[in-house]
Amino acid sequence: MERQFTLPRYHALWRYWRRHPPVHLMVAAYLGIKPDEPSPVDEIGLADLLAMFGDGKIR
């Protein structure tokens, strides 16, 4: 079994979720629960990541 998540597999999963959405998402939508505001950590960009790994080591 391949362990790679390819684009065709992504499309198949997306089509499946369109027909059969995950229950936790349907319940949250029904109850009006919205995700929290993103934290600053969620907004780290590529430049920030490259700065952390610039020399191949985590700073």
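Fair warning: this is a prediction, and the values are worked out from it, not measured in the lab.

## A look at the overall build of the protein
Moving on, step 1. Secondary structure summary: the protein contains 3 helices and 0 strands in total.
Moving on, step 2. Along the protein, helices and strands appear, N-terminal first, in the series α-α-α.
Moving on, step 3. Buried residues in the protein amount to 2% of all 59 residues.
Moving on, step 4. Just so you have it, the protein exposes about 6,100 Å², and 63% of that area is on carbon and sulfur atoms.

## Digging into helix H2 (residues 23–31)
Moving on, step 1. Sparse coverage of H2 is indicated by the burial of 0 of its 9 residues.
Moving on, step 2. With its phi angle positive at about 75°, glycine 32 sits one or two positions after the end of H2.

## So, the packing of aromatic side chains
Moving on, step 1. In total, this model carries 1 aromatic pair according to the counting rule given.
Moving on, step 2. Ring centres of phenylalanine 5 and tyrosine 10 lie 6.4 Å apart, and the angle between their planes is 80°; on these two criteria the pair is classed as edge-to-face.
Moving on, step 3. For tyrosine 10, a relative accessible area of 38% puts it in the partly exposed group.

## Observations regarding a nonpolar patch on the surface
Moving on, step 1. Judged by side-chain polarity, Val23, Met26, Val27, Tyr30, Leu31 and Ile33 come together as a nonpolar surface patch covering roughly 680 Å² of accessible area.
Moving on, step 2. Here valine 23 is to be found in helix H2.
Moving on, step 3. Classification of valine 23 by relative accessible area gives exposed; the value is 55%.

## Some words on the confidence of the model for the protein
Moving on, step 1. Looking at the protein, the pLDDT average stands at 81 and 81% of residues meet or exceed 70.
Moving on, step 2. Looking across the protein, the model is least confident in helix H3 (residues 46–52), with a mean pLDDT of 76, and most confident in helix H1 (residues 7–19), with 92.

Definitions and cut-offs
- Residues numbered from 1 in each chain as written.
- Predicted model: local features only at pLDDT ≥ 70, side-chain atom pairs only at ≥ 80, totals over all residues.
- Heavy atoms only, no water.
- Helix = DSSP H or I, 4+ residues; strand = E, 2+ residues; numbered from the N terminus.
- Buried < 20%, exposed > 50% of the residue type's maximum accessible area, 1.4 Å probe, protein only.
- Areas by Shrake-Rupley, 256 points an atom, 1.4 Å probe, with all protein chains shown as cover.
- Phe/Tyr/Trp six-rings, centres within 6.5 Å; stacked < 30°, edge-to-face > 60°.
- Patch = residues over 30% accessible without salt bridge, like charges linked within 9 Å, V, L, I, M, F, W, Y side chains within 5 Å.
- Salt bridge = Lys/Arg side-chain N within 4 Å of Asp/Glu carboxyl O.
- pLDDT = per-residue confidence, 0-100.

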